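Observations on the three-dimensional arrangement
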Amino acid sequence: MIIRRETKQRQMVLRAVQTRTDHPTADQIFHDVHKLDPKISHGTVYRNLNCLVDAGSIRRVEVPGHADHFDHTLPPHCHLYCRCCGEVTDVAVDQAALEQIFSEVPARIESFSVTLIGVCPTCMAQNAEPAQFE
């Protein structure tokens, strides 16, 4: 078991994730923390995000082909990645339906992550076209 000590940088990264209302990327967190500590490096922020995920303090939201996003809401829930604006938002999914699916899997499910990919309501209302993200 690896014991990781709390550092000033780790506390700053955690606070930066917790104070946002969106699901920021590591680069967005870096910019927030860099305003408070101009000497902090990208590597330090990325390393601390990984430590916080490993410790269960924050969640990683994986979006295939795009940068990971981070979430301070810990209870299991689902996300929507918008192909138009690139935002990640929480979505309500029938928990009982998910549990039914999991009960049919011939394994013990210990954790799950569901990221839906589509177009968010705001972009749908604007008839937005999917962006070309790199």
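In what follows, the accompanying structure is described. (Residues numbered from 1 in each chain as written. Predicted model: local features only at pLDDT ≥ 70, side-chain atom pairs only at ≥ 80, totals over all residues. Heavy atoms only, no water.)

1. Side note on the nonpolar core
Val-13, Ile-29, Val-33, Val-45, Leu-49, Ile-58 and Phe-70 are the most contacted members of the largest nonpolar core, which totals 16 residues. Elements supplying a minimum of two residues to this core: helix H1 (8–19), helix H2 (26–36) and helix H3 (42–54). Residue contributions to this core peak at 5 residues, all from H1. Here Leu-49 is in contact with Val-13, Val-17, Ala-26, Ile-29, Ile-58 and Phe-70, once residues within four sequence places are set aside. Core analysis: the next-biggest nonpolar cluster, separate from the first, contains 5 residues, Cys-82, Cys-84, Cys-120 and Cys-123 among them. (Core = buried A, V, L, I, M, F, W, Y, C linked by side-chain atoms within 4.5 Å. Buried < 20%, exposed > 50% of the residue type's maximum accessible area, 1.4 Å probe, protein only. Helix = DSSP H or I, 4+ residues; strand = E, 2+ residues; numbered from the N terminus. Contact = heavy atoms within 4.5 Å.)

2. Concerning the pairing of strand E3 (residues 78–82)
With 5 of 5 residues buried, E3 is to be regarded as a mostly interior element. Here E3 shows two buried faces, one formed by Cys-78, Leu-80 and Cys-82 and the other by His-79 and Tyr-81. Where E3 and strand E4 (residues 88–91) come together, 4 bridges link them in antiparallel fashion. Across the sheet, Leu-80 pairs through a bridge with Thr-89, a residue of E4. From the end of E3 to the start of E4, which pair antiparallel, there are 5 residues, and Gly-86 there has a positive phi angle of about 80 degrees. Where E3 and strand E5 (residues 114–118) come together, 5 bridges link them in parallel fashion. The residue of E5 that forms the bridge with Cys-82 is Gly-118. (Pairing = 2+ DSSP bridges.)

3. Considerations on the packing of H1 against H2
Running from amino to carboxyl end, H1 crosses H2 at an angle of 120 degrees, the nearest separation of the two axes being 9 Å. Relative to H2, the element H1 lies oblique. The way H1 lies across H2 gives a crossing that is right-handed. Judged by residue contacts, Met-12, Val-13, Ala-16 and Val-17 of H1 engage Ile-29, Asp-32, Val-33 and Leu-36 from H2. Considered class by class, the residues forming the contact of H1 with H2 number 7 nonpolar, no polar and 1 charged. (Axes fitted to C-alpha atoms, helices over the stretch in contact; angles between N-to-C directions. Parallel < 35°, antiparallel > 145°, perpendicular 65-115°, else oblique. Left-handed = near helix turned anticlockwise from the far one by under 90°. Nonpolar A, V, L, I, M, F, W, Y, C, P; charged D, E, K, R; others polar.)

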